[in-house]
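A closer look at the structure
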Amino acid sequence: MDNLLEKDLTATEFDDQAKTRALPARAQTIVVGAGVVGSSIAYHLAELGHKDVLLIERSAVASGTSWHAAGLVVRSRATHAMTKLSYYGIDAYRAIEKETGINVSLQQNGSLSLARTPGRLDELRYSHMVASHNGISSELVSPEQVAKLHPLATADGLLGGMHHAEDGHVNPGRAAMAFAKGAHTRGVTIREGVTVTGVQKVNGRITAVETDQGVVECENLVLACGLWTRELAEKCGALVPLHPAAHVHVTTDPIEGADVPLPVLRDLDGYLYVRGHNGSLVVGAFEPDGIPVDPRTLAKDFAFGEFDPDWEHFAAIKGFAEDRIPALKTANYSRTAEVDGLWIAAGFNSQGIIYAPGAGRALAEWIVAGTPTTDVSAVDVQRFSKYQSNRPYLHERTKEGLGRLYAMHWPFLQPYTARNIRRSPLHDRLDAAGAVFGELVGYERANWFAPSGTKREYEYSYQRQNWFEHSAAEHKAAREAVAVFDLSTFTKVEVAGPDALKVVQSVTTSNLDVKIGRVVYTLMLNKGGGIELDGTITRLAEDRFLVVTPTASQTKTFAMFRRAARGHAAAVFDASAGLATIGIMGPNSRELLSRISPADFSTENQPWGTAREIEVGNGSAMCLRVSFVGELGYELYPTNDIATSIYDSVIEAGEDLGLRRAGYHALDSLRVEKGYRHLGHDIGPIDDPYQASLGFAVNLKKGDFVGRSAIEGKQNPDRRQVYIKLDNPEPLFVHDESILLDGKIIGHVTSGSYGHTIGGACGLGNIPADVPAGSNFVVDCAGVLTPATISDVPFYDPENLRLKA
C-alpha cells in the first residue's frame, strides 16, 4: 500500500468513540495536532510511562501537512545533531508497523543525491563524511553509476552523486495513523473534531486549554499543528516565527520502467526530487522562489484541501525534471519560549516525515526528564528573536526558505530576503567603510570589510572564499595593532532590585557575590547539567547586574532570568536595543583609549575582568576590560544616542595606530585560535561543564543553582574538549569533521576557522577523556585524511600573558 492521499483516515479505525466521547476534565499533557509529529510525541510520551496525555485534532488524525506529504525518509543529514534526529525514523516506522499492524508501506529503495557543479560535489563529500562518521551506508558514485542505479535517469551534465542504500519512503498518512494507534494502545486519549480556542495561564505558566467543547486543565501544552502553530502560539502569548509555503508535488500517470523499485532521486541543483509511486512517478519541488501562504486565508476545513494547479510556477522545475528523466517529457500528470509549559513542534519545512519519530522521541524525553537528552539547539525555537515572527518578515523570508532545502548549503551562506530589518546604531558608519553584512536573528552584522575597489559581496566556495585575505588582515590587526568591532547585537539583560544577587546566583555556575565592577564569565545550566547559555555578568552595583550573552540568545536569556526573578524583589530588563557595544581589541587598544578618555587604563587601575563607567569621546560609557579575541582589549557600552559619536572618536584616534575595522569572520578566527567556546557549536544543552573542559567556571561552594545536583561528582567526565590544528596549512575546516586515531573515529570537530597567526586551520573538538593529546591524529576533511595535532591548551597564548598585559 502506498496511497499518497487517502482521505478516509480517522482515529475511529481503532477508537470508535474518538469523535463522540466528551473531553476529560484534566490531562497532564495536551498535544494539539494529530499529524505524524503530534502522534509521534504522544506515542513516545506514553512509551516513557507518561500516559496522562490528551491528543486532540481539529479535523482527523493524519490530516493536514502529514496527509499532503511525499513520505520521504532518510538516515543521514548534513550535521551530526540533525542526523541523530533523522536516523531513528526508519527503524521507528518499521517497529510501529509491527506493533500496531498498520501497514506504513516502508520501502527502502535507497536514495540518490546528484551534483551538477563542483560546489555541490564538495557538499556531498561533507555529507558523506557525516554519514560515515555515524555508521550509515553511504557511497559517492560516478555519473555512470547514477544511470545504473536509476535506469530512468540520464547522467548528462552530472559530476557525480551520493547513494544511501537505506533511504526510502513511507505512506505518510498511514505512518501518522500508526503512531496514533500506538499511542492510544499505550493509554493516550485521542479526540478528533476539537478546536482549540484559547489557553489559561497563571503566573506565566499554562494551566488549561480552552476548546469549542470545554476547558481541559493541563501542566504541559505541545503545539504540533503545522501551519496553524503560529496563530495558536500567539494566543498563548508566545511568538513563533513560522510561515507556511505551498509545496508542490505532482504525480504522473503510469510510466514504463517505473514499476520496479527505484531509489529516490534528488537533483538538488534542479530543486527537485522524484520517487516511485505504484508504477508512476512523484515529482516534487523545493524551488528557490517559493509561494508563501497566509493560513488566515485558508478554509477551516482545509485539512484535506489542495491548491489549484499552478503550472506556470512549476514550469521551470518540470523542465529540469524532464531533462533528468526523459520519460517525463511525454508523461501525463494526474494532479498537482516565552510561556512555561508550552512546547512547539512545527516548522519542519516539508521534512516532518523524516524527523517526526526522532523529534517526537526527543521532545517526549525533554518533557519527562525536564531537560534535553539530545542536542536540539539547532532546532530550539528559542534561537529566534520575537521580531522574526512578524508577518511581513515571515512572508518575505518564506519565499527563500522553501528552496533553501535543496539550494547549495555553502559555508557562511547568507539569506537574501527580509534584510535590513534590525540594524545597530553604527550600521551606516560600517556601510560607508565597506562592510559586507551577514544576518543573524534579523540583525545586520558586519562580517568583513571589503577594501576600496573590491567586490562587496560573497563569492561562495568550499575552499577559500573571496573575503579570506581581507579577514586575515583584520585578524592580524587585532593581534599586532588594534581592531575595532561593532558588537552591538550582543544580548544585554539587566537584573536589578534587592533580590538581584539571589536571582543571578540561582541560575549561574560562578559566584556572582563579587565586588562592584567585577566581570565574571559564567555558565547557565539546565536541570540536567547541560549548558544552556554562557556569557559574562558584571556587578554594576549592590543590587544591579548586567548579563551579556551571544546575539542569538536574546529570547532565551531574557526568559531565563525573568523566570528566575518570579517571586523575588527583582526586575529584569532587556537592554539589548538600548546599549551599543564597541569592541577595541589589540596591543594598541590601551593607547587608543587613552587618547580619547582621561581615565587611566593601566592594569593597576583597570585589571582584566573589571568594569567601570568612563568619560570617552564626547560622552560616557561602561568600559569592560574583557576580550573574546585573546588580546588586551576593552568593550564599551554606550547608550545608542551617543554611540556613533564615540565610535567616530575611536576611529579618528586610531588612524596612526594601525587601526582596522573588523567583522565577525575575524572575531571567529581569533576566538578559535585562542580556544574560546561558541555556544551552539562547542557547547550546548547536553554538554556539562566538565565535558566542555569549563570546570573553572563552576563554583560548587557558592550554594544551590540550576543544574548543580546534576553535575556534582562529575568532575571526571567520559569525554573532554580539546584544541586541534591541521598540520597542513592549506585545508580548511567546514563543519563536523571526524577525528581519527589509529584509523578509528574517536570524535569530531565542533567548530573551526583558520588560525592566521599560527598558520593553519584550527578548531575545537570532543574526544574520549582517556585519549592523550599529541600529533598522531588525522582529520577527515571531506574524504581527505589530514594529519593533525591535538592539545589540551590553546595553541595561541595558553598562559593568557597577552590578554592580561
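Before any of the text, the structure's been laid out above.
So, a few notes on the structure that sits alongside this text. It should be emphasised that the depicted structure is a prediction, and the values quoted were computed from it without experimental measurement. (Residues numbered from 1 in each chain as written. Predicted model: local features only at pLDDT ≥ 70, side-chain atom pairs only at ≥ 80, totals over all residues. Heavy atoms only, no water.)

Considerations on helix α9 (residues 352-369)
Basically, it comes down to this: In DSSP terms, a helix is any run of H or I states spanning at least four residues, a strand is any run of E spanning at least two, and both are numbered starting from the N terminus. One fewer than the residue count of a helix, multiplied by 1.5 Å, yields its expected span. Fitting one axis to the seven residues ending at a residue and another to the seven starting there, the bend at that residue is the angle between the two axes. Under the scheme applied here, a residue whose accessible area is under 20% of the maximum for its type counts as buried, over 50% as exposed, and between as partly exposed, the area being computed with a 1.4 Å probe on protein chains only.
When the terminal C-alpha atoms of α9 are compared, their 24 Å separation across 18 residues agrees well with the 26 Å that a helix rising 1.5 Å per residue should span. For α9, the principal kink sits at Gly 358 and spans about 30°. A large share of α9 lies buried, amounting to 14 of its 18 residues.

Focus on the pairing of strand β29 (residues 582-585)
Defined as follows: Only strands joined by at least two bridges in the DSSP assignment are considered to pair.
Across the two faces of β29 the burial is the same, with Ile 582 and Ile 584 and Gly 583 and Met 585 all buried. In this sheet, β29 lies alongside strand β23 (residues 482-486) in antiparallel orientation, the contact comprising 4 bridges. Bridge assignment links Ala 483 to a residue of β29, and that residue is Met 585. Relative to strand β32 (residues 633-637), β29 runs antiparallel, the two being bridged by 4 bridges. Counterpart to Met 585 in the pairing with β32 is Gly 633.

Notes on the nonpolar core
So the rule is basically this: Only buried residues count toward a nonpolar core, which is a set of Ala, Val, Leu, Ile, Met, Phe, Trp, Tyr and Cys residues joined through side-chain atoms within 4.5 Å. Whether two residues touch is decided by their heavy atoms; if any such pair falls within 4.5 Å, the residues are in contact.
Judged by nonpolar contacts, the single largest core of 50 residues is most densely connected at Val 36, Ile 41, Tyr 93 and Val 188. Among the secondary structure elements, those contributing two or more residues to this core are α1 (36-47), β2 (53-57), α3 (80-100), α6 (172-185) and α9. Look past the residues within four positions of Tyr 93 in its chain and what remains in contact with it is Val 36, Val 73, Val 104, Val 170, Ala 175, Phe 179, Ile 353, Ala 356 and Pro 357.

Things to note about the sheet that holds strand β30 (residues 611-616)
Cut-off, in case you're wondering: Each axis is a line fitted through C-alpha atoms, and for a helix only the stretch in contact is used; angles between axes span 0 to 180 degrees, taken between their N-to-C directions.
Ordered by their spatial adjacency, 6 strands build an open sheet running β30-β31-β32-β29-β23-β33, and the pairing between neighbours is mixed. What marks the edges here is a single partner per strand, and that holds for β30 and β33 (659-662). Sheet twist, expressed as the mean angle between neighbouring strand axes with direction ignored, is 30°.

Here we look at the sheet that holds strand β27 (residues 544-549)
Taken together, 5 strands build an open sheet; the order of strands is β25-β26-β27-β24-β28 and the sheet is antiparallel. Unpaired on one side and paired on the other, β25 (519-525) and β28 (571-574) mark the two borders of the sheet. Each adjacent strand pair in this sheet contributes to an overall mean axis angle of 30°, direction not counted. Of the strand pairs in this sheet, strand β24 (residues 491-496) and β27 are connected by 6 bridges, and their pairing is antiparallel. Directly across from Lys 492, in β27, lies its bridge partner Val 548. Sitting on the sheet, helix α14 (residues 554-565) touches β24, β25, β26 (531-541), β27 and β28, and the angle it makes with β28 is about 170°.

Some thoughts on the pairing of strand β16 (residues 272-277)
Of all 6 residues that make up β16, 6 are buried, and the element is covered over most of its length. Of the two faces of β16, both are covered, the one formed by Leu 272, Val 274 and Gly 276 as well as the one formed by Tyr 273, Arg 275 and His 277. Bridge analysis of strand β15 (residues 264-267) against β16 gives 3 bridges, and the strand direction is antiparallel. Its bridge partner lying in β16, Leu 265 is registered against Val 274. Counting the residues that bridge the hairpin from β15 to β16 gives 4 residues, and of these Tyr 271 lies at a positive phi of roughly 60°. Pairing of β16 with strand β17 (residues 280-285) involves 6 bridges; the strand directions are antiparallel. Looking at β17, one finds that Leu 272 is bridged to Ala 285. Hairpin connection between β16 and β17: a loop of 2 residues separates the two successive antiparallel strands, and Asn 278 in this loop has a positive phi of roughly 50°.

A look at empty space enclosed by the protein
Stated precisely, the cut-off is as follows: With a 1 Å grid laid over protein atoms only, a set of points is called a cavity when a 1.4 Å probe fits there but cannot get out and a pocket when it is open yet has protein on both sides within 12 Å along at least five of seven lines; lining residues have an atom within 4 Å of a point. Grid points are joined across faces, edges and corners, and a volume is the space filled by probe spheres set on the points. Each residue gets one of three labels, nonpolar for Ala, Val, Leu, Ile, Met, Phe, Trp, Tyr, Cys and Pro, charged for Asp, Glu, Lys and Arg, and polar for the others, Gly among them.
Put simply, the largest cavity is a space of about 70 Å³. Taken together, Ser 424, Leu 430, Glu 444, Arg 445, Ala 446, Phe 485, Asp 486, Leu 487, Thr 489, Ala 662, Gly 663 and Tyr 664 make up the full set of residues lining the largest cavity. Counting only elements with at least two residues in the lining of the largest cavity, the list comes to β22 (443-449) and β23. For the lining of the largest cavity, the element with the most residues is β22, which contributes 3 residues. For the lining of the largest cavity, the class distribution of residues is 6 nonpolar, 3 polar and 3 charged.

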